[in-house]
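What follows is each chain in one-letter form.
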Amino acid sequence: MPLICARMIAVFSIVISTTFASLSPAHAERRVALVVGNGAYTAAGRLPNATNDADDVATALRRLDFDVTIEKNLAAAGFETAVTAFAAKARGADVALFYFAGHALQLGATNYLMPTDVRLATELAVKRGTIAAQDIVEQLENAARTTLVFLDGCRNNPLADRLKSTLDASGRSATIGRGLARLAPKGRDTLIVYSAEPGTVAADGLAGARNSPFAAGFLKHIDTPGLEVETLLKRVTTEVAAATANAQQPERLSKLQSEFYFKRGGAAAAASDAELARLRAENERQRIEMQRLRGTAKPPFLPTRAATEMDP
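Residues numbered from 1 in each chain as written. Predicted model: local features only at pLDDT ≥ 70, side-chain atom pairs only at ≥ 80, totals over all residues. Heavy atoms only, no water.

Participant: Would you mind going over the pairing of strand β2 (residues 66-72) with me for this structure?
Facilitator: Note on strand geometry: in a regular strand, side chains alternate between the two faces of the sheet. Direction of pairing for strand β1 (residues 31-37) relative to β2: parallel, over a ladder of seven bridges. Its bridge partner lying in β2, A33 is registered against V68. Each parallel crossover has a hand, and the one from β1 via helix α2 (residues 50-63) to β2 is right-handed. (Pairing = 2+ DSSP bridges. Helix = DSSP H or I, 4+ residues; strand = E, 2+ residues; numbered from the N terminus. Right-handed = clockwise from strand over helix to strand, strands pointing away.)

Structure, rendered in C-alpha coordinates:
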(Lines give C-alpha, C1' and ligand atoms only; values in the text may rest on other atoms or scores of the structure.)
Protein backbone atom coordinates (compact mmCIF):
# COMPACT_ATOMS: atom_id res chain seq x y z
CA MET A 1 0.00 0.00 0.00
CA PRO A 2 1.45 3.43 -0.86
CA LEU A 3 2.67 5.32 2.18
CA ILE A 4 0.40 8.29 1.45
CA CYS A 5 -2.66 6.01 1.30
CA ALA A 6 -1.79 4.45 4.66
CA ARG A 7 -1.41 7.88 6.18
CA MET A 8 -4.77 8.99 4.80
CA ILE A 9 -6.47 5.95 6.32
CA ALA A 10 -4.83 6.50 9.69
CA VAL A 11 -5.68 10.20 9.84
CA PHE A 12 -9.26 9.59 8.72
CA SER A 13 -9.73 6.88 11.34
CA ILE A 14 -8.54 9.20 14.10
CA VAL A 15 -10.82 12.04 12.98
CA ILE A 16 -13.91 9.85 12.74
CA SER A 17 -13.32 8.05 16.04
CA THR A 18 -12.73 11.36 17.83
CA THR A 19 -15.88 12.88 16.37
CA PHE A 20 -18.00 9.87 17.33
CA ALA A 21 -16.60 9.95 20.83
CA SER A 22 -17.58 13.58 21.25
CA LEU A 23 -21.17 12.74 20.36
CA SER A 24 -21.53 9.55 22.34
CA PRO A 25 -22.77 9.32 25.95
CA ALA A 26 -19.42 7.85 27.00
CA HIS A 27 -17.76 11.18 26.15
CA ALA A 28 -20.17 13.44 28.08
CA GLU A 29 -19.21 16.84 29.42
CA ARG A 30 -17.17 16.86 32.60
CA ARG A 31 -19.62 18.42 35.01
CA VAL A 32 -18.72 19.25 38.61
CA ALA A 33 -20.86 20.81 41.31
CA LEU A 34 -20.52 22.09 44.87
CA VAL A 35 -23.82 22.27 46.76
CA VAL A 36 -23.84 23.98 50.17
CA GLY A 37 -26.81 24.02 52.54
CA ASN A 38 -26.37 26.03 55.74
CA GLY A 39 -29.31 25.99 58.14
CA ALA A 40 -28.04 25.35 61.68
CA TYR A 41 -26.90 28.89 62.46
CA THR A 42 -25.79 29.51 66.02
CA ALA A 43 -26.47 33.26 66.16
CA ALA A 44 -28.84 33.79 63.24
CA GLY A 45 -32.26 32.35 62.61
CA ARG A 46 -32.28 28.67 61.72
CA LEU A 47 -33.30 27.70 58.21
CA PRO A 48 -35.05 24.31 58.33
CA ASN A 49 -35.23 23.90 54.56
CA ALA A 50 -31.67 24.83 53.56
CA THR A 51 -30.20 21.37 54.12
CA ASN A 52 -33.25 19.75 52.47
CA ASP A 53 -32.63 21.95 49.44
CA ALA A 54 -28.97 20.92 49.35
CA ASP A 55 -29.80 17.21 49.61
CA ASP A 56 -32.42 17.32 46.88
CA VAL A 57 -30.45 19.51 44.47
CA ALA A 58 -27.36 17.30 44.91
CA THR A 59 -29.42 14.18 44.19
CA ALA A 60 -30.86 15.74 41.04
CA LEU A 61 -27.46 16.87 39.79
CA ARG A 62 -26.02 13.38 40.27
CA ARG A 63 -28.79 11.98 38.08
CA LEU A 64 -27.67 14.48 35.44
CA ASP A 65 -24.04 13.31 35.37
CA PHE A 66 -22.56 15.92 37.71
CA ASP A 67 -19.72 14.92 39.99
CA VAL A 68 -21.27 16.45 43.12
CA THR A 69 -19.70 17.57 46.37
CA ILE A 70 -22.31 18.34 49.01
CA GLU A 71 -21.56 20.22 52.23
CA LYS A 72 -24.01 21.07 55.00
CA ASN A 73 -23.86 23.41 57.98
CA LEU A 74 -20.35 24.63 57.28
CA ALA A 75 -18.53 26.80 59.79
CA ALA A 76 -16.17 29.47 58.42
CA ALA A 77 -13.03 27.31 58.18
CA GLY A 78 -14.88 24.43 56.56
CA PHE A 79 -16.61 26.72 54.08
CA GLU A 80 -13.32 28.21 52.92
CA THR A 81 -11.75 24.76 52.61
CA ALA A 82 -14.69 23.43 50.59
CA VAL A 83 -14.59 26.34 48.14
CA THR A 84 -10.82 26.08 47.68
CA ALA A 85 -10.99 22.32 47.07
CA PHE A 86 -13.85 22.72 44.62
CA ALA A 87 -12.05 25.39 42.61
CA ALA A 88 -9.16 22.96 42.19
CA LYS A 89 -11.55 20.15 41.22
CA ALA A 90 -13.23 22.41 38.64
CA ARG A 91 -9.99 23.12 36.79
CA GLY A 92 -10.46 22.06 33.18
CA ALA A 93 -14.11 21.07 33.65
CA ASP A 94 -16.68 21.80 30.97
CA VAL A 95 -19.22 22.97 33.56
CA ALA A 96 -18.74 24.09 37.16
CA LEU A 97 -21.90 24.65 39.20
CA PHE A 98 -22.16 26.22 42.67
CA TYR A 99 -25.45 26.14 44.59
CA PHE A 100 -25.87 27.86 47.96
CA ALA A 101 -28.86 27.67 50.28
CA GLY A 102 -28.54 29.64 53.50
CA HIS A 103 -28.12 33.11 54.94
CA ALA A 104 -26.29 35.84 53.04
CA LEU A 105 -26.11 39.60 53.17
CA GLN A 106 -25.11 42.61 51.13
CA LEU A 107 -22.53 44.92 52.64
CA GLY A 108 -21.22 47.84 50.61
CA ALA A 109 -22.57 46.31 47.36
CA THR A 110 -20.64 43.07 48.03
CA ASN A 111 -22.47 39.81 48.71
CA TYR A 112 -21.28 37.61 51.56
CA LEU A 113 -22.37 34.01 52.13
CA MET A 114 -22.66 33.17 55.81
CA PRO A 115 -21.11 30.15 57.56
CA THR A 116 -23.10 28.75 60.46
CA ASP A 117 -20.79 30.14 63.16
CA VAL A 118 -20.68 33.72 61.90
CA ARG A 119 -21.28 36.66 64.24
CA LEU A 120 -21.82 39.96 62.50
CA ALA A 121 -20.83 42.39 65.22
CA THR A 122 -18.86 44.72 62.94
CA GLU A 123 -18.08 45.25 59.27
CA LEU A 124 -14.66 43.73 59.85
CA ALA A 125 -16.26 40.64 61.36
CA VAL A 126 -18.37 40.27 58.23
CA LYS A 127 -15.36 40.41 55.92
CA ARG A 128 -13.29 38.04 58.02
CA GLY A 129 -15.98 35.53 58.93
CA THR A 130 -17.91 35.08 55.68
CA ILE A 131 -17.27 34.06 52.06
CA ALA A 132 -17.56 36.71 49.34
CA ALA A 133 -19.74 35.39 46.53
CA GLN A 134 -17.67 37.28 43.94
CA ASP A 135 -14.55 35.37 44.99
CA ILE A 136 -16.30 32.05 44.32
CA VAL A 137 -17.54 33.19 40.91
CA GLU A 138 -14.12 34.43 39.83
CA GLN A 139 -12.36 31.23 40.91
CA LEU A 140 -14.80 29.10 38.94
CA GLU A 141 -14.64 31.36 35.88
CA ASN A 142 -10.88 30.88 35.86
CA ALA A 143 -11.20 27.11 36.24
CA ALA A 144 -14.05 25.90 34.00
CA ARG A 145 -15.42 26.63 30.55
CA THR A 146 -18.97 27.32 31.79
CA THR A 147 -19.84 28.62 35.26
CA LEU A 148 -23.33 28.32 36.78
CA VAL A 149 -23.98 29.93 40.18
CA PHE A 150 -27.26 29.67 42.10
CA LEU A 151 -27.69 31.83 45.20
CA ASP A 152 -30.73 31.01 47.32
CA GLY A 153 -29.30 33.16 50.07
CA CYS A 154 -31.48 36.27 50.09
CA ARG A 155 -33.46 35.01 53.10
CA ASN A 156 -34.58 37.06 56.11
CA ASN A 157 -31.48 37.51 58.22
CA PRO A 158 -31.76 38.68 61.85
CA LEU A 159 -27.98 39.05 62.17
CA ALA A 160 -27.94 41.42 59.22
CA ASP A 161 -30.79 43.37 60.80
CA ARG A 162 -28.85 43.70 64.07
CA LEU A 163 -25.72 44.78 62.23
CA LYS A 164 -27.75 47.35 60.32
CA SER A 165 -29.04 48.75 63.62
CA THR A 166 -25.46 49.04 64.87
CA LEU A 167 -24.38 50.82 61.72
CA ASP A 168 -27.45 53.06 61.86
CA ALA A 169 -26.38 54.19 65.30
CA SER A 170 -22.94 55.08 63.94
CA GLY A 171 -24.40 56.94 60.95
CA ARG A 172 -23.46 54.29 58.36
CA SER A 173 -26.89 52.88 57.49
CA ALA A 174 -26.25 52.97 53.72
CA THR A 175 -23.66 50.19 53.86
CA ILE A 176 -26.17 47.38 54.54
CA GLY A 177 -28.54 46.62 51.69
CA ARG A 178 -31.72 44.61 51.66
CA GLY A 179 -31.30 41.18 50.07
CA LEU A 180 -28.30 40.76 47.79
CA ALA A 181 -26.58 43.07 45.33
CA ARG A 182 -26.28 42.46 41.59
CA LEU A 183 -23.13 40.51 40.93
CA ALA A 184 -21.86 41.14 37.42
CA PRO A 185 -20.35 38.04 35.78
CA LYS A 186 -17.00 38.60 34.11
CA GLY A 187 -16.46 35.28 32.37
CA ARG A 188 -17.52 34.60 28.79
CA ASP A 189 -19.86 31.72 29.74
CA THR A 190 -21.18 32.59 33.20
CA LEU A 191 -24.70 32.51 34.60
CA ILE A 192 -25.57 33.87 38.05
CA VAL A 193 -29.04 33.15 39.42
CA TYR A 194 -30.66 34.80 42.45
CA SER A 195 -33.63 33.19 44.13
CA ALA A 196 -35.04 36.70 44.61
CA GLU A 197 -34.46 39.97 42.82
CA PRO A 198 -31.43 41.84 44.11
CA GLY A 199 -32.58 44.15 46.88
CA THR A 200 -35.37 41.81 48.02
CA VAL A 201 -35.54 38.80 50.33
CA ALA A 202 -36.52 35.20 49.65
CA ALA A 203 -38.64 32.77 51.64
CA ASP A 204 -37.02 29.74 53.28
CA GLY A 205 -40.17 27.73 52.65
CA LEU A 206 -43.91 27.85 52.77
CA ALA A 207 -45.81 26.22 55.64
CA GLY A 208 -45.26 22.46 55.54
CA ALA A 209 -43.01 22.62 52.48
CA ARG A 210 -39.80 20.62 52.31
CA ASN A 211 -37.99 23.10 50.04
CA SER A 212 -37.72 26.82 49.52
CA PRO A 213 -39.93 28.17 46.72
CA PHE A 214 -36.88 28.59 44.48
CA ALA A 215 -35.50 25.11 45.13
CA ALA A 216 -38.93 23.56 44.60
CA GLY A 217 -39.32 25.27 41.22
CA PHE A 218 -35.77 24.40 40.19
CA LEU A 219 -36.21 20.74 41.12
CA LYS A 220 -39.52 20.54 39.27
CA HIS A 221 -37.94 21.46 35.93
CA ILE A 222 -34.29 20.39 36.11
CA ASP A 223 -35.04 16.88 34.74
CA THR A 224 -37.09 18.12 31.77
CA PRO A 225 -35.38 16.83 28.58
CA GLY A 226 -34.32 19.37 25.98
CA LEU A 227 -34.90 22.41 28.20
CA GLU A 228 -32.16 25.01 27.75
CA VAL A 229 -31.13 26.58 31.05
CA GLU A 230 -32.45 30.07 30.23
CA THR A 231 -35.86 28.64 29.36
CA LEU A 232 -35.77 26.43 32.46
CA LEU A 233 -35.20 29.50 34.64
CA LYS A 234 -38.14 31.33 33.07
CA ARG A 235 -40.31 28.42 34.21
CA VAL A 236 -38.75 28.52 37.67
CA THR A 237 -39.52 32.23 37.90
CA THR A 238 -43.16 31.52 37.06
CA GLU A 239 -43.30 28.77 39.71
CA VAL A 240 -41.79 30.99 42.42
CA ALA A 241 -44.02 33.94 41.61
CA ALA A 242 -47.11 31.72 41.76
CA ALA A 243 -46.05 30.08 45.03
CA THR A 244 -45.38 33.42 46.76
CA ALA A 245 -48.25 35.48 45.30
CA ASN A 246 -45.65 37.49 43.35
CA ALA A 247 -43.81 38.45 46.54
CA GLN A 248 -40.63 36.77 45.26
CA GLN A 249 -39.19 36.99 41.75
CA PRO A 250 -35.94 35.21 40.87
CA GLU A 251 -33.47 37.00 38.66
CA ARG A 252 -30.57 35.85 36.49
CA LEU A 253 -27.55 37.64 35.12
CA SER A 254 -26.21 35.85 32.06
CA LYS A 255 -23.15 36.08 29.86
CA LEU A 256 -23.71 32.65 28.37
CA GLN A 257 -22.61 32.43 24.74
CA SER A 258 -23.46 28.76 24.35
CA GLU A 259 -26.56 26.76 25.17
CA PHE A 260 -26.57 24.57 28.26
CA TYR A 261 -28.94 21.67 28.96
CA PHE A 262 -29.11 19.86 32.27
CA LYS A 263 -30.71 16.99 30.36
CA ARG A 264 -30.51 16.77 26.60
CA GLY A 265 -33.57 15.66 24.74
CA GLY A 266 -36.20 16.83 22.33
CA ALA A 267 -34.81 19.06 19.58
CA ALA A 268 -31.30 19.07 21.08
CA ALA A 269 -31.11 15.28 21.14
CA ALA A 270 -32.63 15.03 17.66
CA ALA A 271 -29.99 17.40 16.30
CA SER A 272 -27.22 15.33 17.87
CA ASP A 273 -28.73 12.10 16.52
CA ALA A 274 -29.00 13.60 13.03
CA GLU A 275 -25.37 14.71 13.12
CA LEU A 276 -24.29 11.28 14.33
CA ALA A 277 -26.25 9.61 11.50
CA ARG A 278 -24.64 11.93 8.97
CA LEU A 279 -21.17 11.13 10.27
CA ARG A 280 -21.86 7.41 10.22
CA ALA A 281 -22.96 7.63 6.59
CA GLU A 282 -19.84 9.63 5.74
CA ASN A 283 -17.71 7.14 7.61
CA GLU A 284 -19.18 4.27 5.59
CA ARG A 285 -18.60 6.12 2.32
CA GLN A 286 -14.99 6.81 3.27
CA ARG A 287 -14.50 3.20 4.40
CA ILE A 288 -15.65 1.94 1.00
CA GLU A 289 -13.37 4.45 -0.72
CA MET A 290 -10.39 3.33 1.38
CA GLN A 291 -11.09 -0.30 0.51
CA ARG A 292 -11.21 0.65 -3.18
CA LEU A 293 -7.87 2.42 -2.87
CA ARG A 294 -6.35 -0.59 -1.14
CA GLY A 295 -7.49 -2.85 -3.98
CA THR A 296 -6.44 -0.65 -6.92
CA ALA A 297 -3.33 1.12 -5.74
CA LYS A 298 -0.06 -0.14 -7.18
CA PRO A 299 2.94 -0.60 -4.92
CA PRO A 300 5.57 2.09 -5.25
CA PHE A 301 8.55 1.31 -7.58
CA LEU A 302 11.52 0.08 -5.60
CA PRO A 303 14.69 -0.69 -7.60
CA THR A 304 15.95 -4.24 -7.25
CA ARG A 305 19.48 -5.05 -6.24
CA ALA A 306 20.23 -6.28 -9.79
CA ALA A 307 18.96 -3.08 -11.30
CA THR A 308 21.04 -1.08 -8.86
CA GLU A 309 24.16 -3.03 -9.75
CA MET A 310 23.55 -2.40 -13.48
CA ASP A 311 23.50 1.35 -12.98
CA PRO A 312 26.68 2.96 -14.30
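Participant: So what exactly am I meant to see when it comes to the sheet that holds strand β10 (residues 251-254) here?
Facilitator: For sheets, the rule is that strands pair by backbone hydrogen bonds, running either parallel or antiparallel. Read across the open sheet, the six strands follow the order β2-β1-β3-β7-β9-β10; overall the sheet is mixed. Both outer strands of the open sheet, β2 and β10, are each paired with one neighbouring strand and no more. Along the sheet, successive strands turn relative to each other by an average axial angle of 10°, direction set aside. On the sheet, helix α8 (residues 229-243) packs against β7 (146-152), β9 (190-194) and β10 and is oriented at approximately 165° with respect to β10. (Axes fitted to C-alpha atoms, helices over the stretch in contact; angles between N-to-C directions. Contact = heavy atoms within 4.5 Å.)

Participant: Looking at this model, I keep getting lost on the packing of helix α7 (residues 213-221) against α8. Mind explaining?
Facilitator: Working note: a packed helix pair is described by the angle between its axes plus the distance between those axes. Contact geometry of α7 with α8 gives a least axis separation of 8 Å together with a crossing angle of 135°. Relative to α8, the element α7 lies oblique. The element α7 and its partner α8 pack so that their crossing is right-handed. Residue-level inspection shows P213, F214, G217, F218, K220 and H221 of α7 in contact with α8, the latter providing L232, R235, V236, E239 and V240. Its residues placed into classes, the contact of α7 with α8 shows six nonpolar, two polar and three charged. (Parallel < 35°, antiparallel > 145°, perpendicular 65-115°, else oblique. Left-handed = near helix turned anticlockwise from the far one by under 90°. Nonpolar A, V, L, I, M, F, W, Y, C, P; charged D, E, K, R; others polar.)

Participant: Any chance you could explain the pattern of salt bridges here in plain terms?
Facilitator: As a working rule, side chains carrying opposite charge can pair if their charged atoms are close by. This structure, assessed with the given rule, holds 11 salt bridges. In this structure, E29 engages R145 in a salt bridge whose closest nitrogen and oxygen atoms are separated by 3.4 Å. Here E29, found in the loop between α1 (3-23) and β1, pairs with R145, found in the loop between α5 (133-143) and β7; they are 116 residues apart in sequence, far enough to count as distant. R252 is paired through a salt bridge with E230; the nearest N and O atoms lie 2.9 Å apart. Of this pair, R252 sits in strand β10 while E230 is found in helix α8, placing the two residues 22 residues apart along the sequence. Overall, R252 belongs to the partly exposed group, its relative accessible area being 27%. (Salt bridge = Lys/Arg side-chain N within 4 Å of Asp/Glu carboxyl O. Buried < 20%, exposed > 50% of the residue type's maximum accessible area, 1.4 Å probe, protein only.)

Participant: Can you walk me through the nonpolar core in this structure?
Facilitator: If you look at soluble globular proteins, the nonpolar side chains tend to sit buried side by side. L61, F66, F98, Y99, F150 and F262 are the most contacted members of the largest nonpolar core, which totals 72 residues. Non-local contacts of Y99, meaning those with residues more than four positions away in its chain, are made with L34, V35, V36, V57, F150, D152, F214, A215 and F218. (Core = buried A, V, L, I, M, F, W, Y, C linked by side-chain atoms within 4.5 Å.)

Participant: Looking at this model, I keep getting lost on unusual backbone geometry. Mind explaining?
Facilitator: Backbone phi values are negative for most residues with the exception of glycine, while trans is the configuration of most peptide bonds. Despite not being glycine, D65 shows a phi value in the positive range, around 70°. Structurally, D65 is set in the loop between α2 and β2. Exposure remark for D65: the relative accessible area of 55% places this residue in the exposed category. Phi at A245 takes a positive value of approximately 55°, unusual for a residue other than glycine. Here A245 is to be found in the loop between α8 and β10.

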